[in-house]
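# Close look at the chain arrangement
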Amino acid sequence: MTTCQCGDLEENKEKYLAPLKEILENYDQKEEDLIPVLQDAQEEYGYLPKVVLREIADSLDIFFSDVYGVTTFYSQFHLEPRGENVIKVCLGTACHVRGGARILERLQDELGIADGETTEDLKFTLESVACIGACGLAPVMMINDDTHGLLTPGEVPKILDQYNQG
Ligand code: FES
C-alpha cells in the first residue's frame, strides 16, 4: 500500500518558495516588476525552475505563458540548472579563424556534453558565444570571470583541472 505524500510535497514546495516570497515582498507586485523579480529569483535559485515561474506569474497576476515568453526572449535567463563553472567559448570571427571550433570540440570531448549543456555533476556549463572583446588573444574562452587566451586544444584538459578540484 502506498501512502499519499501530498502533504510532504506541499510543505517542501512552501519551503522551496520561501526565499521567492521574500523577494516578492520587496516589490509592488505589478507587471512592470517582472524583469527585476526574475533577475532576483535567478540570483537566488541559480536558474528559473517552472515552479518559481508559476509563483511569479500568480503573484504579479500575469499569464504563465507571458512570464515564460520573457524568460525565453532574454538570454540572461536560464530555465535549466547551470554548472558551478560556466565556460564561454568564443566563436567570433577572429577566434573562428584561429581555431575556436577545435577548442569547443575538445571541451565537448573532455566534458562529454554538447554546446549549451551542463555536466550531470553540475560542475560545468558549456556555451559558445560571439566575440567577447579579447580578439588579440584569439582563440579565447572564459571560465567564470577568467579569460584564457591563445589556446590550443591540448591545453584544455589542464585548464579544466584547475576548476575541477574540490
Ligand atoms: S572574436 Fe573571439 S574575442 Fe573577439
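Residues numbered from 1 in each chain as written. Predicted model: local features only at pLDDT ≥ 70, side-chain atom pairs only at ≥ 80, totals over all residues. Heavy atoms only, no water.

Once that is clear, we can look at the sheet that holds strand β1 (residues 85–90). Strand pairing in a sheet relies on backbone hydrogen bonds, with the paired strands running either antiparallel or parallel. The mixed open sheet is built from four strands, whose spatial order is β2-β1-β3-β4. Each of the sheet's edge strands pairs with one partner strand only, and the pair in question is β2 (124–129) and β4 (146–148). For this sheet, the mean inter-axis angle between neighbouring strands, taken without regard to orientation, is 20 degrees. In this structure, β1 lies alongside β2, joined through six bridges in parallel fashion. Of the residues in β2, the one forming a bridge with Val89 is Ser128. Packing of helix α6 (residues 100–111) onto the sheet brings it into contact with β1, β2 and β3 (141–143), and relative to β1 it is tilted by some 150 degrees. (Pairing = 2+ DSSP bridges. Helix = DSSP H or I, 4+ residues; strand = E, 2+ residues; numbered from the N terminus. Axes fitted to C-alpha atoms, helices over the stretch in contact; angles between N-to-C directions. Contact = heavy atoms within 4.5 Å.)

Further remarks concern the pattern of salt bridges. One pass over the structure, following the stated rule, counts six salt bridges. A network of salt bridges, in which partner residues are shared, links Arg82, Lys88 and Glu127. (Salt bridge = Lys/Arg side-chain N within 4 Å of Asp/Glu carboxyl O.)

This next bit is on the layout of surface pockets. For the largest pocket, the calculated volume is near 190 Å³. Looking at the largest pocket, the residues that line it are Thr71, Ser75, Phe77, His78, Leu79, Glu80, Pro81, Arg82, Gly116, Thr118, Thr125 and Glu127. Taken together, the residues of the lining of the largest pocket break down into three nonpolar, six polar and three charged. (1 Å grid on protein atoms, 1.4 Å probe; cavity = no way out; pocket = protein on both sides within 12 Å on 5 of 7 lines; lining within 4 Å. Points joined across faces, edges and corners; volume = space filled by probe spheres on them. Nonpolar A, V, L, I, M, F, W, Y, C, P; charged D, E, K, R; others polar.)

A full pass over the atoms with the stated rule returns four aromatic pairs. Between Tyr74 and Phe77 the ring centres are 6.3 Å apart and the planes differ by 90 degrees, which places this aromatic pair in the edge-to-face class. A network of ring pairs unites the aromatic residues Phe73, Tyr74 and Phe77 as a single cluster. Note that Arg54 overlies the ring of Phe64, its terminal NZ or CZ placed 4.4 Å from the centroid. (Phe/Tyr/Trp six-rings, centres within 6.5 Å; stacked < 30°, edge-to-face > 60°. Lys NZ or Arg CZ within 6 Å of the ring centre and 35° of its normal.)

Here the focus is the pairing of β1. Across the six residues that make up β1, a large majority, five, are buried. Direction of pairing for β1 relative to β3: antiparallel, over a ladder of three bridges. What sits directly across from Lys88, in β3, is Met142. (Buried < 20%, exposed > 50% of the residue type's maximum accessible area, 1.4 Å probe, protein only.)

Tracing the backbone shows Thr152 in the loop between β4 and α7 (156–163). Judged by relative accessible area, Thr152 falls into the partly exposed class, the value being 39%. Residues Thr152 and Arg106, 46 residues apart in the sequence, show an inter-C-alpha distance of 9.5 Å.

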